[in-house]
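Topology and contacts: notes
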Amino acid sequence: MVTTEPRQDTMILNMGPQHPSTHGVLRLLVELEGETVIRLQPDIGYLHTGIEKTGERLKYQQVITLTDRMGYLDNMLDELAYVLAAEKLVGVDVPERVKWIRVLLAELERVSSHLVWLGTHALDLGAMSVFMYCFREREKILDIKENLSGVRMMTSFIRIGGLANDLTPEFEPMVREFIGYMRGRVDEYEELLTENPLWVERTKHTGVLLAEVAINMGCSGPTIRASGVPYDMRKRAPYSGYENFDFDVILGENGDVYDRFMCRIREMRQSLRIVEQAIDGLPEGPWRIDDRKIVPPPKDEIVQDMEALIHHFKLFTEGLKPPVGEVYQAIEGARGEMGYYLVSNGTGKPYRFHMRAPSFYNLQALPQMMHGGLIADLVAIVGSIDIVLGEVDR
Amino acid sequence: MTPEESAAALQERFPEAVLDVVHFRGEVSLLIRRDQIVDVAKFCHDDLTYTFLSDLSAVDWLDQRPRFDIVYHLTSLEYMIRLRLKVQTVEGQPVPSVTSVWGAANWAEREVYDLYGVEFSSHPDLRRILLPEGWVGHPMRKDFQQTQIALPRPKSDKWVE
């Protein structure tokens with residue numbers, strides 16, 4: 001895999017694909033001179049499942065289940081990105097209440113994803129207790145999701161034209177309790193890590209990614225914002241009603257591992273702000289559109305009304321049929337620009353279904369962040385870009 | 001600036017290279033001549049502020065000639081606008097690589113090569129990325145045989161010391 005001949009005084013080290021600090025199945029080929037990394041080559045594809053190919057065989061509404069499995073730590077964001085792309089292709093707009101609920105869920109999901117990142121990242125660098133705390137908090141978000149959709153992770157809750165169901169009566173008190181609880185917990189993480197000399201020593205000035213390099217390599221999300229580039233689609237190109245919410249875009253200065261850590265920690269607070277605004281101002285109204293060519297009729301109507309039955313039958317056998325064309329819709333995922341490229345040829349199945357995975361491009365910049373660091377820094381850097389291999393390999 | 005203005009600027013600068021402009025759902029797609037894609041990409045990057053390559057992928061139109069579309073999604077971080085460029089190619093006809101303009105294209109072009117078998121000329125490291133090296137065929141092609149795939153075998157069945 002390493003294309004040129006190695007030098008005689010260096011060592012080639014194979015890290016992964018099952019190394020615990022690679023957060024999945026990622027193989028890294030490292031050329032070492034003593035403890036210094038002089039060359040690095042990521043080798044991906046161990047989790048390739050051909051999801052894009054599978055997607056071309058499914059109807060538009062069935063593809064949502066696949067998107068859940070790509071970025072499995074922030075699956076509602078994946079669903080949202082796909083559903084927005086599909087809605088753009090079909091040409092429908094959803095009610096205000098749906099938009100607000102989607103934003104609320106997306107931000108909860110962002111917190112949940114950042115919690116997994118913080119826990120595993122801290123674990124890599126030896127802070128075991130943070131891992132326990134983070135997963136304790138994440139469990140509360142999973143409980144909310146379970147209450148809402150019946151499933152803890154692969155929710156498939158956001159649907160084309162609306163949602164799978166209205167909010168449950170327990171949802172609002174659960175979310176309110178979580179916001180209050182979580183604010184204090186973020187302070188706790190900061191107390192544990194932000195000024196911890198061991199943590200700062202390991203992460204400051206490590207894995208520096210310059211802004212120009214980050215842009216050129218297509219990095220996005222906290223990885224590019226830590227380098228000082230204000231690229232946040234929620235603010236710059238609002239979708240799903242983000243223009244109604246008040247929040248700050250968090251930027252770093254140096255683009256090192258510490259800045260990426262700080263960005264995500266502060267982003268969690270901003271996400272909680274958005275969740276609070278969304279739950280306070282949640283508009284009343286329908287939770288899906290009333291177009292029988294796009295969303296199925298209610299079950300009790302199907303058993304009484306012939307026309308409803310036909311609509312249901314047509315929708316599930318033929319699928320919804322968008323016009324011929326292509327769209328690209330991106331949202332700000334937990335890791336960066338999460339985009340879906342859909343090509344329609346007028347049938348009920350996408351002719352081309354492609355996902356722009358933020359982790360794929362962030363991981364590509366790993367050698368640029370490494371340049372001459374120690375092998376121990378490599379673990380910190382891989383942790384700091386927060387990759388999900390299901391998304392990288394698809 | 002808007003994507004429409006970018007499209008107009010491109011048409012003015014490269015009258016022969018821009019073959020078609022399509023507007024759909026507020027998005028602008030331009031069909032570019034294959035041999036001029038690098039010049040067009042450079043112009044987009046340097047003069048039209050499209051410094052960010054969001055995505056690079058391909059579409060296989062099995063029955064059409066030319067068969068493959070290579071699709072570039074460009075983003076201008078300055079104006080937060082997107083532009084879609086397209087290049088058409090046939091089997092065995094390499095597309096000039098845009099890695100010299102956007103570093104992000106490196107892995108994306110490798111992925112297209114891996115899954116579609118479209119080659120990119122002057123790419124620094126064109127080899128398979130997601131599939132193992134000995135894999136036969138390109139699975140994202142519409143005519144890919146999806147059953148009875150012969151998996152790549154290890155080089156020797158015997159254990160070699």
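Residues numbered from 1 in each chain as written. Chains lettered and ligands numbered in written order. Predicted model: local features only at pLDDT ≥ 70, side-chain atom pairs only at ≥ 80, totals over all residues. Heavy atoms only, no water.

1. Description of empty space enclosed by the protein
Here is the rule: Here a cavity means grid points, on a 1 Å grid over the protein atoms only, where a 1.4 Å probe fits yet cannot get out; a pocket means an open set of points with protein on both sides within 12 Å along at least five of seven lines; lining residues are those with an atom within 4 Å of a point. Grid points are joined across faces, edges and corners, and a volume is the space filled by probe spheres set on the points. Strands are runs of DSSP state E lasting at least two residues, helices are runs of H or I lasting at least four, and both sets are numbered from the N terminus onward.
As enumerated under the stated definition, the model contains 3 cavities of 30 Å³ or more in all. Reported here for the largest cavity is a volume of approximately 60 Å³. Forming the boundary of the largest cavity are 10 residues, of which Pro42(A), Asp43(A), Ile44(A), Arg110(B) and Arg127(B) lie nearest the centre. Those elements that place two or more of their residues in the lining of the largest cavity are β3 (36-43) of chain A together with α3 (105-116) of chain B. At 3 residues, β3(A) tops the list of elements feeding residues into the lining of the largest cavity. In this model, the second largest cavity occupies a volume close to 50 Å³. If you trace the second largest cavity, you find it lined by His354(A), Met355(A), Arg356(A), Ala357(A), Phe360(A), Tyr361(A), Arg394(A), Asp55(B), Leu56(B), Ala108(B) and Glu111(B). Looking at the lining of the second largest cavity element by element, the count peaks at 3 residues for strand β8 (residues 352-356) of chain A.

2. A closer look at the layout of surface pockets
Rolling a probe over the atoms, with the probe sized like a water molecule, indicates the empty space that remains. There is about 650 Å³ of room inside the largest pocket. Lys88(A), Pro238(A), Tyr239(A), Tyr328(A) and Gln329(A) are, among the 29 residues lining the largest pocket, the residues nearest its centre. In terms of residue count, strand β5 (residues 81-89) of chain B provides more of the lining of the largest pocket than any other element does, 4 residues in total.

3. Observations regarding the sheet that holds strand β2 (residues 27-33) of chain A
All names here are of chain A. As a reminder, the rule being used: Any two strands with at least two DSSP-identified bridges between them are counted as paired. All axes are obtained by fitting lines to C-alpha atoms, using only the stretch in contact for helices, and the reported angles, taken between N-to-C directions, cover 0 to 180 degrees.
Strand order in this open sheet of 3 strands is β1-β2-β3, and the pairing throughout is antiparallel. Each of the sheet's edge strands pairs with one partner strand only, and the pair in question is β1 (11-15) and β3. Adjacent strand axes in the sheet meet at a mean angle of 20° when their direction is disregarded. Where β2 meets β3, 7 bridges bridge the pair, whose relative direction is antiparallel. Bridge assignment links leucine 32 to a residue of β3, and that residue is valine 37.

4. Focus: the sheet that holds β5(B)
All names here are of chain B. Counted only if it meets this: Working rule for contacts: check all heavy atoms of both residues, and any pair within 4.5 Å makes them a contact.
Spatially, β1-β2-β5-β4-β3 is the arrangement adopted by the 5 strands of the open sheet, whose pairing is mixed. Taken across any chain shown, the strands that pair with only one partner, and hence form the sheet edges, are β1 (18-24) and β3 (52-60). Strand-to-strand twist of the sheet, defined as the mean angle between neighbouring strand axes without regard to direction, takes the value 20°. Here β1 runs beside strand β2 (residues 27-32); their pairing, made up of 6 bridges, is antiparallel. The partner of histidine 23 across the bridge, within β2, is valine 28. Contacting β2, β4 (68-76) and β5, helix α2 (residues 37-46) crosses the sheet at an angle of about 175° to β5.

5. What about a nonpolar patch on the surface?
Inclusion rule: Patches in this entry comprise residues that are over 30% relatively accessible and not in a salt bridge; like charges within 9 Å are linked, as are nonpolar side chains (Val, Leu, Ile, Met, Phe, Trp, Tyr) within 5 Å. Surface accessibility follows the Shrake-Rupley procedure with a 1.4 Å probe radius. Residue values consider only the protein chains on display as shielding. Salt bridges are defined by distance alone: a side-chain nitrogen of Lys or Arg within 4 Å of a carboxyl oxygen of Asp or Glu.
A cluster of nonpolar side chains, namely Leu123(A), Met128(A) and Met132(A), defines an oily patch on the protein surface of about 280 Å² accessible area. Examined against the element boundaries, Met132(A) turns out to sit in helix α5 (residues 128-149).

6. Points about the packing of α5(A) against helix α6 (residues 171-193) of chain A
All names here are of chain A. Put simply, the rule is: Working rule for angles: under 35 degrees goes down as roughly parallel, over 145 as roughly antiparallel, 65 to 115 as roughly perpendicular, anything else as oblique. By the definition used in this description, the sense in which the near helix is turned from the far one sets the handedness, with an anticlockwise turn below a right angle giving left-handed and a clockwise turn giving right-handed.
The N-to-C vectors of α5 and α6 enclose an angle of 165°; their axes lie 11 Å apart at closest approach. Compared by their axis directions, α5 and α6 come out roughly antiparallel. Handedness of the crossing formed by α5 with α6: left-handed. Contact with α5, carried on its side by Val130, Tyr133, Cys134, Arg136, Glu137, Lys140, Ile141, Asp143, Ile144, Asn147 and Leu148, involves Phe171, Met174, Val175, Phe178, Tyr181, Met182, Arg185, Glu188, Tyr189, Leu192 and Leu193 of α6 and no other residues of that element.

7. Description of the domain arrangement of chain A
All names here are of chain A. Operational definition: An automatic or database domain assignment provides the domain bounds reported here. The buried area of a pairing is the accessible area, by a 1.4 Å probe, that goes missing from both parts when the two are put together, added over both. Definition of a polar contact: a pair of N or O atoms within 3.5 Å, with one able to donate and the other able to accept a hydrogen when the atoms are protein atoms, and with sequence-neighbouring residues admitted only if both atoms are side-chain atoms.
Each domain of chain A was delimited in the assignment, giving domain 1 (11-43) and domain 2 (51-291 + 321-393). Here domain 1 and domain 2 have C-alpha centroids that lie 27 Å from each other. Each partner contributes to the interface: domain 1 provides 16 residues, whereas domain 2 provides 18 residues. The junction of domain 1 with domain 2 conceals about 1400 Å² of combined surface from both sides, 74% of it contributed by carbon and sulfur atoms. Broken down residue by residue, the surface that domain 1 buries against domain 2 is led by His23, Val37 and Leu40, which jointly contribute 39%. Between the two partners, domain 1 and domain 2, sit 0 salt bridges. Our enumeration of links across domain 1 and domain 2 arrives at 2 residue pairs in polar contact (both at pLDDT 80 or more).

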